[in-house]
Amino acid sequence: MDDEIDRLVRAAADRPVDTGAIGRAVLDRIAAPPPDLFAWLRSGPARLVPVAYLALLVAVPLAMRAGGAEDLIAAVALGDPMLTGPGGL
Amino acid sequence: MQIPPGETETLIREIAAGRESALVRLIAVLGPGLARYAGRVLGSAADGDEVAQDVFVRIWREAGRFDPARGSVQAWAYRIATNLCIDRQRRARVRRFLGLGAGAGAGAEAAGEVADVAAGPERRLAGRERLAAVRQALDALPARQRMALLLAAVADFSGAEIASIMGVSRGSAEQLLVRARSGLRARLGE
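Residues numbered from 1 in each chain as written. Chains lettered and ligands numbered in written order. Predicted model: local features only at pLDDT ≥ 70, side-chain atom pairs only at ≥ 80, totals over all residues. Heavy atoms only, no water.

**Brief notes about the pattern of salt bridges**
Residues and elements named next belong to chain B. Operational definition: Salt bridges are identified by distance alone: a Lys or Arg side-chain nitrogen within 4 Å of an Asp or Glu carboxyl oxygen. The helix and strand labels rest on DSSP assignments: H or I over at least four residues marks a helix, E over at least two residues marks a strand, and numbering proceeds from the N terminus. Burial status follows relative accessibility: with a 1.4 Å probe on protein chains alone, a residue under 20% of its type maximum counts as buried, one over 50% as exposed, and anything between as partly exposed.
Tallied over the full model, the rule gives 12 salt bridges over all chains. With a shortest N-O distance of 3.6 Å, R88 and D47 are connected by a salt bridge. Of this pair, R88 sits in helix 4 (residues 73–97) while D47 sits in helix 3 (residues 45–62), placing them 41 residues apart in sequence. Here E174 ties to R170 by a salt bridge, and the two come within 3.8 Å at their closest N and O atoms. With E174 and R170 both in helix 9 (residues 170–188) and four residues apart, this pair spans about one turn of that helix. Residue classification places E174 among the partly exposed residues on the basis of a relative accessible area of 33%.

**Here we look at the interface of chain B and chain A**
Worth spelling out the cut-off: Working rule for contacts: check all heavy atoms of both residues, and any pair within 4.5 Å makes them a contact. The term buried area means the drop in 1.4 Å probe accessible area that two parts suffer when joined, counted for both and summed. What qualifies as a polar contact is a pair of N or O atoms within 3.5 Å, subject to a donor-acceptor requirement within protein and to the restriction that residues adjacent in sequence count only when both atoms come from side chains.
On the chain A side, the residues contacting the 40 residues of chain B number 22 residues. A buried area of about 2800 Å², summed over both sides, lies between chain B and chain A, and 68% of it is on carbon and sulfur atoms. Between chain B and chain A we count four salt bridges in total. At the junction of chain B with chain A, the criterion picks out 10 residue pairs in polar contact (both at pLDDT 80 or more). Mapped onto the side of chain B that touches chain A, the elements with two or more residues apiece are helix 2 (20–42), helix 3, helix 6 (121–140), helix 7 (143–153) and helix 9 of chain B.

**Description of the confidence of the model for chain B**
All names here are of chain B. Inclusion rule: Residue-level confidence of the predictor, termed pLDDT, takes values from 0 up to 100.
Overall, the predicted model of chain B reaches an average pLDDT of 86, with 85% of residues at or above 70. Ranking the elements of chain B by mean pLDDT puts helix 5 (residues 108–113) last, at 44, and helix 3 first, at 96. Between residues 103–117, whose pLDDT stays under 50, and residues either more than four places distant or in other chains, the model counts 32 contacts. Here the predicted complex scores 0.72 on pTM and 0.79 on ipTM.

**Some remarks on the environment of F157 of chain B**
Residue and element names in this part refer to chain B. Counting through the fold element by element, F157 comes out in the loop between helix 7 and helix 8 (159–166). A sequence separation of 79 residues divides F157 from Y78, and the C-alpha atoms of the two residues are 10.0 Å apart. Among all residues touching F157, those that are not within four sequence positions of it are Q74, A75, Y78, L151, A152, I162 and I165.

**A few points about the packing of aromatic side chains**
Residues and elements named next belong to chain B. Defined as follows: Aromatic contacts are taken between Phe, Tyr and Trp rings whose centres are within 6.5 Å, Trp giving its six-membered ring; a plane angle under 30 degrees counts as stacked, one over 60 as edge-to-face, and the others as tilted.
Tallied over the entire structure, the rule returns three aromatic pairs over all chains. Arranged with centres 5.3 Å apart and planes meeting at 40°, the rings of F66 and W76 form a pair that is tilted. Taken together, the residues F66 in the loop between helix 3 and helix 4 and W76 in helix 4 connect sequence positions 10 residues apart. By relative accessible area, F66 is classed as buried at 14%. Geometrically, the ring pair formed by Y78 and F157 is edge-to-face, given 5.1 Å between the ring centres and 80° between the ring planes. Of the two residues, Y78 sits in helix 4 while F157 sits in the loop between helix 7 and helix 8, which places them 79 residues apart along the sequence. The exposure class of F157 is buried, given its relative accessible area of 9%. Feature note: the residues Y37, Y78 and F157 constitute an aromatic cluster, connected by ring pairs.

**Focus: a positive patch on the surface**
Residues and elements named next belong to chain B. Defined as follows: Candidate patch residues must exceed 30% relative accessible area and have no salt bridge, after which like charges are joined if within 9 Å and Val, Leu, Ile, Met, Phe, Trp or Tyr side chains if within 5 Å. Per-residue accessibility takes into account occlusion by the displayed protein chains alone, with areas from the Shrake-Rupley method and a 1.4 Å probe. Charge assignment in this entry is limited to Lys and Arg as positive and Asp and Glu as negative, and neither His nor the chain termini are counted. Note on charges: their place is set at NZ of Lys, CZ of Arg, CG of Asp or CD of Glu.
On the surface, R91, R93, R95 and R96 cluster together into a patch of positive charge. Considering the arrangement of structural elements, one finds R93 in helix 4. Overall, the relative accessible area of 48% leaves R93 in the partly exposed class.

Below you can see the structure in the form of C-alpha cells.
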C-alpha cells in the first residue's frame, strides 16, 4: 500500500532535469569573484573621508595654537547665542 | 541514477581539493533527484532547479567541512536543499502577506507540464489526469509532510535519514510519513 503511494509520488515528481544547464550555471557562479562588500570604501567620495580626517588632524591643532579655535569650540559647546541663535554664525 | 558505493564521498574529497570535474560528476549523480525533490516541495520546476544550483554552490564552498560521521553525502545535500526550500517558503509567505506576489507554488503546474515527456503518447494521455491529481494532493499536504514523503519516495531515504535531514526525531519523521501517506490516500480517494 505504502509502496503504491510512493510510486505515485515518484511519478508525480518525475520530470526531465537538464543537469548540463545546472552544471554550467554552478560553474559560472563559482568562477565569479565573491561579492565585494567593501567596494564602497574604494569609491570616489569615500576616498575623501581619510583625506578629510587627516586635514582635520592637522588643521584643528594649528587653529588652536593660533588661538581662534578654542573660543569657537567652547562657544559651540556652550550654545553661545551669538553663534547658534537667530542671526548667529 | 545508481550511485556506486563510496563514489560520492570520493567526489566530495576531490571537490574539497578544488577539482571542478568532480563537482560536474556530482551534479550528474545527485542533480536530477535534488531538482525533482525541491521542485515538488516548492511546486515549481524552475525553483527546484535554482535550489539544486544553490546546493552545489554551497557544496563547492563547504566540501572541506563535510563530516562522513554525520551522514552520507546524499543526506547532506538533501539537508541543504531542505533548508533552502524552507527559506524560500518563508520568503514566499512574507511576500504573500505583503501582497507582493503569489510566491512559491505559483508555478505548481509548471513542474507538471514537463513531466513524463519521455513516455509514449497513449501512456501520457492515460496517466496525465492521475498524475495531476497526485500533484494536487501533494501540494495540499502540509509542507513538512510533503517534504518527508518526497524524501522517502523520490530519494529513497529511510526514516532515520529523513529525521536527520529534517532535524526532527525519528519518531516524528515516521509520524510525518504515516500522516502524509494516509492524507494523500484520502485525497486520492483510495
